[in-house]
Amino acid sequence: MSDPSAPKDLVVLSLERWDGVWRRNQHLLSGLLAAEPRLRVLFVEPPDDPVHDLLGGRRPRFGTRLRRIDERLWGLRPVKRLPRRVDRRVDERLAGAVQRAADHLGMRRPALWVNDPAAVQLAQRTGWPVLYDMTDDWLAADRPDAERERIAAGEAWLLRHARTVVACSPELVRRKSAQRADIALVRNGVDADRYRTPLPRPSDLPDEPYALYVGTLHRDRIDVELCAATASALRGRGRLVLVGPEAWAAADARRVRDAGVLVLGARPHDAVPAYLQHADVLVVPHRITEFTESLDPIKLYEYRAVGRPIVSTPVAGFRDADGVRIADSAAFAEAVADAVPATSQFPDGAEDGDADWSLRVADFRAASGI
């Protein structure tokens, strides 16, 4: 019989770092750690890639040692020293680094939470019980052929062998149900109370009305040309402001800045509600693709919580939400400009009580057994 006081160990293979920009992983894990006092978590970030950094003109990074993030939460960032075309054992070496870190923490047979379908070698190597949490349809994203093949092979293995499969959107469940019939739906959410508590206007915002987008800046999602057109339409009336980590090409970054867009970059998750609360209009200049159709945007819940006007392209999530003005790419820029300046401040947010992260954590816990 298992010891009910023994630690419950979890290794998370994440697609993002544990940093000030909180995503689904951080929200769920913080709730799980609060709910389960025996839980211990090793959070594995995407590896540093010094060769790729050098080729891109950036200062190379060489991974981090095991670090303590919180009392029962550790972080690990391995290093990918050579490209796969040079070192065919890259994934084996990365899996070994994670296994050694888990061993160091005394995690003998942890559960393995996988976000990255290309990172299945650790599961295959260890036989640890696997939870596959699908947040995006990476097979629909624009990726090089070799990477797409690795993703496809990894996802096929996970859908066959994972003990539990969870998806964040009904569309992901629909697309993958032919390969796996028992996928649990656990959508994204929001800490509504935090987003509805009024905060001072951030000092780095422009002294004029502004339209705001919050999210990762990448062509997988955002329409660069539409951002430039929107900035032009706002000229003389306000400013388009983008808040979020920059993950796009240098040419895209130049394109939007040259058009007059104010790009503030990433902000800590505790600071984000203030940027949303003071916006005249919140915008979603997303591309409509097979990839974006698979999403359950966290920003939908955060935007609705603060109660500001919203203008969105007809993208998944927003096009079916109440109180959102939907505009196609031809009408989007003028629709945003028409909403600036706003006529009120701090209205009541939408009553999305069933979207609170605490309820999502409970759903995730029930589905995963964590």
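Rules and cut-offs
- Residues numbered from 1 in each chain as written.
- Predicted model: local features only at pLDDT ≥ 70, side-chain atom pairs only at ≥ 80, totals over all residues.
- Heavy atoms only, no water.
- Pairing = 2+ DSSP bridges.
- Helix = DSSP H or I, 4+ residues; strand = E, 2+ residues; numbered from the N terminus.
- Contact = heavy atoms within 4.5 Å.
- Axes fitted to C-alpha atoms, helices over the stretch in contact; angles between N-to-C directions.
- Buried < 20%, exposed > 50% of the residue type's maximum accessible area, 1.4 Å probe, protein only.
- Right-handed = clockwise from strand over helix to strand, strands pointing away.
- Parallel < 35°, antiparallel > 145°, perpendicular 65-115°, else oblique.
- Nonpolar A, V, L, I, M, F, W, Y, C, P; charged D, E, K, R; others polar.

Student: Describe the sheet that holds strand β1 (residues 8-13), naming the residues involved and giving the relevant values.
Tutor: Taken in spatial order, the eight strands make up an open sheet running β3-β4-β2-β1-β5-β6-β7-β8, and their pairing is mixed. The open sheet has two edge strands with one neighbour each: β3 (64-70) and β8 (184-185). The pairing of strand β6 (residues 130-134) with strand β7 (residues 164-167) spans four bridges and is classified as parallel. Pairing of Asp-133 across the sheet is with Val-166, part of β7. In the packing of helix α1 (residues 24-35) onto the sheet, the strands contacted are β1, β2 (39-44), β4 (73-77), β5 (111-114), β6 and β7, and the crossing angle to β2 comes to about 160°. Packing against the sheet, helix α5 (residues 145-161) makes contact with β5, β6 and β7, and its axis sits at approximately 125° to β6.

Student: How would you explain the pairing of strand β12 (residues 281-284) if you had to name every residue and give the values?
Tutor: Judged by which residues are buried, β12 turns out to be covered on both faces: Val-281 and Val-283 on one side and Leu-282 and Val-284 on the other are all buried. In terms of strand pairing, strand β9 (residues 210-214) meets β12 through two bridges, oriented parallel. Bridging from a neighbouring strand, Leu-212 pairs with Leu-282 of β12. In the classification by handedness, the crossover that spans β12, the intervening helix α11 (residues 298-306) and the parallel strand β13 (residues 310-312) is right-handed.

Student: So what's going on with the sheet that holds strand β14 (residues 324-326)? Which residues, and what values?
Tutor: Strand order in this open sheet of six strands is β11-β10-β9-β12-β13-β14, and the pairing throughout is parallel. The outermost strands of the open sheet, each flanked by one partner alone, are β11 (262-265) and β14. The mean angle between the axes of side-by-side strands here comes to 25°, regardless of whether they run parallel or antiparallel. Across five bridges, β9 lies against strand β10 (residues 239-243) in parallel orientation. Bridged to Tyr-210 within β10 is Arg-239.

Student: Describe the packing of α1 against helix α13 (residues 357-368), with residues and values.
Tutor: One way to put it is that α1 packs onto α13 with a least axis distance of 9 Å and a crossing angle of 75°. The angle between α1 and α13 places the two elements in the roughly perpendicular class. Taken together, the residues of α13 that come into contact with α1 (itself represented by Arg-24, His-27, Leu-28, Gly-31, Leu-32 and Ala-35) are Trp-357, Arg-360, Val-361, Phe-364 and Arg-365. Grouping the amino acids of the contact of α1 with α13 by side-chain chemistry returns six nonpolar, two polar and three charged.

Student: Can you break down the environment of Pro-341 residue by residue, with the values?
Tutor: Its place among the elements puts Pro-341 in the loop between α12 (329-338) and α13. Setting aside chain neighbours within four positions, we find Pro-341 in contact with Pro-209 and Asp-280.

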